[in-house]
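A look at the structure
Each chain, letter by letter, is given below.
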Amino acid sequence: MSPVAIVWPCPLAVDAYVAAGRDAGFPRPACPSCAGPLVFWSGYRRYVREAGRCRKIFVPRLRCSRCGVSHALLPAFVLAWRLDVAETVGMVIAEVAGGGCGVRPAAETAGVPYTTARGWVRRFRARGRELGVAFAALAVELGGVAVTPSARAGRFALAGIGAAFAAAASLPGWGRLGAWRFASSVTGGRLIAANTVSPWLVVGRRRFMPPVPT
Ligand SMILES: [Zn+2]
């Protein structure tokens, strides 16, 4: 069993999360590998960048006594292995993959290097079909609208995320998170990760895992 990052639907602003330290109201979900009970097990610090400013945040680790694996508990405003907050990454992706503008102006608006922004968009488009299918299935599962696949993978994925978030936003707690924290939460932070896993979602006590597209 390999460690899995658990992304919790943290509604706090980055500043508030930093200020809260080890008292940020961390949930204690069941083990994503075996559904066993998890206990807090130290943690580590990592950087996150928002509006051009780097902050150091505390990330707790949870350990499963049943399978012995420890899991990082990431707040929804981060993506695994990415420095920039989910909202920044999402803003660039939505602008470019949505056809609003090219990478360069989107990167300038977001205040991130061009090559960084280009990497996000490339990865998102490369995973676009897979993400579109998974989020469209999630939208339907949550009682939302059906999304018609688009020939453009990036647009399909954006439409799927939009539909799934619109459906999730009617459930307690999800609406205030915004679409990109939602997207980070349900993909375990791997929205634009190189190695993919099926998006999963814990809404209340219920776990939902969309099928992996073929
Ligand atoms: Zn376990």
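All values reported here derive from a predicted model rather than from experimental measurement. (Residues numbered from 1 in each chain as written. Predicted model: local features only at pLDDT ≥ 70, side-chain atom pairs only at ≥ 80, totals over all residues. Heavy atoms only, no water.)

A few words on the pattern of salt bridges. According to the stated counting rule, one finds five salt bridges in the structure shown. Salt-bridge contacts for Arg49 lead to Asp84; the nearest nitrogen and oxygen are separated by 2.8 Å. With Arg49 in strand 2 (residues 38-50) and Asp84 in the loop between strand 4 (70-75) and helix 2 (86-97), the pair connects residues that are 35 residues apart, well separated along the chain. Residue classification places Arg49 among the buried residues on the basis of a relative accessible area of 18%. A salt bridge links Glu130 to Arg127; the nearest nitrogen and oxygen atoms lie 3.2 Å apart. The exposure class of Arg127 is buried, given its relative accessible area of 4%. Several salt bridges share partner residues, and in doing so they unite Asp15, Arg53 and Arg55 into one network. (Salt bridge = Lys/Arg side-chain N within 4 Å of Asp/Glu carboxyl O. Helix = DSSP H or I, 4+ residues; strand = E, 2+ residues; numbered from the N terminus. Buried < 20%, exposed > 50% of the residue type's maximum accessible area, 1.4 Å probe, protein only.)

Further remarks concern the packing of aromatic side chains. All chains considered together, the criterion is met by eight aromatic pairs. Measuring from ring centre to ring centre gives 6.1 Å for Tyr17 and Phe26, while their planes differ by 75°; the resulting arrangement is edge-to-face. Across the pair, exposure class does not vary: Tyr17 and Phe26 are buried alike. Measuring from ring centre to ring centre gives 6.4 Å for Phe26 and Phe40, while their planes differ by 55°; the resulting arrangement is tilted. Separated by 14 residues along the polypeptide, Phe26 in the loop between helix 1 (14-20) and strand 2 and Phe40 in strand 2 bring together distant segments of the chain. Judged by relative accessible area, Phe26 falls into the buried class, the value being 17%. For Phe40, a relative accessible area of 39% corresponds to the partly exposed category. Taken together, Trp8, Tyr17, Phe26, Phe40, Phe58 and Phe77 form an aromatic cluster joined through their ring pairs. We note Arg22 situated over the ring of Phe58; from NZ or CZ to the ring centre the distance is 4.1 Å. The cationic tip of Arg63 hangs over the ring face of Trp41; the distance from NZ or CZ to the ring centre is 4.8 Å. (Phe/Tyr/Trp six-rings, centres within 6.5 Å; stacked < 30°, edge-to-face > 60°. Lys NZ or Arg CZ within 6 Å of the ring centre and 35° of its normal.)

Now for the environment of Ala164. Counting through the fold element by element, Ala164 comes out in helix 6 (residues 153-168). Spatially, the C-alpha atom of Ala164 lies 7.6 Å from that of Val140, the residues being 24 residues apart in sequence. Excluding residues within four positions of it along the chain, Ala164 makes contact with Phe135, Leu138, Ala139, Leu142 and Phe182. (Contact = heavy atoms within 4.5 Å.)

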